[in-house]
Amino acid sequence: MKPNASRPVHRWPVRITHWINLFAMVCMFMSGWEIYNASPLFDFRFPPQMTLGGWLGGAIGWHLAVMWLLALNATCYLLWSLFSGHFRRDLLPLRVGALRQDIWLALTLRLRHRHGHYNAIQKLMYLGVLALGLLLVLSGLAIWKPVQLQGLVALFGGFDFARYVHFFAMVGIGLFVAIHVFMVIVVPKTLWAMITGGKHE
């Protein structure tokens, strides 16, 4: 179905939640890195200049405060996407054949970007980052309230394993953000569309 030319590429709920999400995710990453530094999982620490909170207590305060903003913003986006048809219209269906074709076109540098249209790779990435977000929330809750949410902690294989799940979900979202920023640099009109709404081609 051809998109309606009068409808903007990104409607205002998508744009508002996108920019709130950007602010919240930056705060969550930076405060999370400060929390990580207090008890590292691996043999490295994040530079203090990249962290938020100044110390463990301050970082936890930032992390929990911004968590509620992120949760409210995500809830608004998900509800709007479901009731407006955004998921059904723009992110579904995701077919294996189309994904295989678009991956091949991307690898051979022949995948074109159609303004206002999500290709199969974009659909997979957006659906994947939503799944990672859910995993991040659940593992975060298990770390935050391990006694009250013992069943959830057990589901992740214990408190320590939940920390690893939380870390690698964060890494996955970080990779998505890096690819997202790279694509904005390659196709800068996508940034303007996220600011103004843009128009379908």
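If you look the protein up in an unreviewed UniProt entry, it shows as Cytochrome b/b6 domain-containing protein from Serratia sarumanii. The UniProt entry for the protein carries the following text under Subcellular location (unreviewed entry): "Cell membrane". Within the UniProt record for the protein, the comment given under Sequence similarities (unreviewed entry) is "Belongs to the HupC/HyaC/HydC family."

Chemist: Would you mind showing me how to read the overall build of the protein here?
Modeler: Scanning the protein from terminus to terminus reveals eight helices and zero strands. Mapped from its N terminus to its C terminus, the protein presents α and β elements in the order α-α-α-α-α-α-α-α. Projected onto its principal axes, the C-alpha positions of the protein cover 50 × 35 × 35 Å. Counting every position in the protein, which comprises 201 residues, the buried fraction comes to 35%. Computed over 17 positive and 6 negative side-chain charges, the inter-centroid distance for the protein is 16 Å.

Chemist: Any chance you could explain the nonpolar core here in plain terms?
Modeler: The nonpolar side chains of a soluble globular protein tend to be buried, and buried together. Of all hydrophobic cores here, the largest spans 20 residues; its most connected members are Phe 29, Phe 167, Met 170 and Ile 173. Non-local contacts of Phe 29, meaning those with residues more than four positions away in its chain, are made with Met 170, Ile 173 and Gly 174.

Chemist: Can you help me understand the packing of helix α1 (residues 12-38) against helix α7 (residues 159-186) in this one?
Modeler: Axis angle and axis distance: for two packed helices, these are the angle between their axes and the distance between the axes, and together they describe the pair. Where α1 meets α7, the closest approach of the two axes is 12 Å, and the angle between their N-to-C directions is 135°. Here α7 runs oblique to α1, going by the angle between their axes. Along this stretch, α1 crosses α7, giving a crossing that reads as left-handed. Together, His 18, Met 25, Phe 29, Trp 33 and Tyr 36 of α1 and Phe 167, Met 170, Ile 173, Gly 174 and His 180 of α7 make up the contact between the two elements.

Chemist: What exactly am I supposed to notice about α7 here?
Modeler: Given 3.6 residues to a turn, an α-helix orients residues that are three or four positions apart in the same direction. Relative to the 40 Å expected for 28 residues at 1.5 Å per residue, α7 spans 41 Å between its end C-alpha atoms, a close match to the ideal helical length. Burial in α7 covers these residues: Ala 162, Arg 163, Val 165, Phe 167, Ala 169, Met 170, Gly 172, Ile 173 and Phe 176. Turning to α7, the residues buried within the fold contact α1 and α5 (120-144).

Chemist: Sorry if this is basic, but what is going on with the UniProt feature "transmembrane region" (unreviewed entry) in the protein here?
Modeler: In this numbering, the UniProt entry assigns the feature "transmembrane region" (unreviewed entry) to residues 12-33, 53-80, 124-144 and 164-187. Between the end C-alpha atoms of residues 53-80 the distance is 33 Å, and the span holds 89% helix and 0% strand. Note that residues 124-144 is 100% helix and 0% strand, and that its end C-alpha atoms are spaced 30 Å apart.

The rules behind these values
- Residues numbered from 1 in each chain as written.
- Predicted model: local features only at pLDDT ≥ 70, side-chain atom pairs only at ≥ 80, totals over all residues.
- Heavy atoms only, no water.
- UniProt positions renumbered as here; feature names shortened; annotations may be inferred.
- Helix = DSSP H or I, 4+ residues; strand = E, 2+ residues; numbered from the N terminus.
- Buried < 20%, exposed > 50% of the residue type's maximum accessible area, 1.4 Å probe, protein only.
- Lys, Arg positive; Asp, Glu negative; His and termini not counted.
- Charge placed at Lys NZ, Arg CZ, Asp CG, Glu CD.
- Core = buried A, V, L, I, M, F, W, Y, C linked by side-chain atoms within 4.5 Å.
- Contact = heavy atoms within 4.5 Å.
- Axes fitted to C-alpha atoms, helices over the stretch in contact; angles between N-to-C directions.
- Parallel < 35°, antiparallel > 145°, perpendicular 65-115°, else oblique.
- Left-handed = near helix turned anticlockwise from the far one by under 90°.
- Expected span 1.5 Å × (residues − 1).

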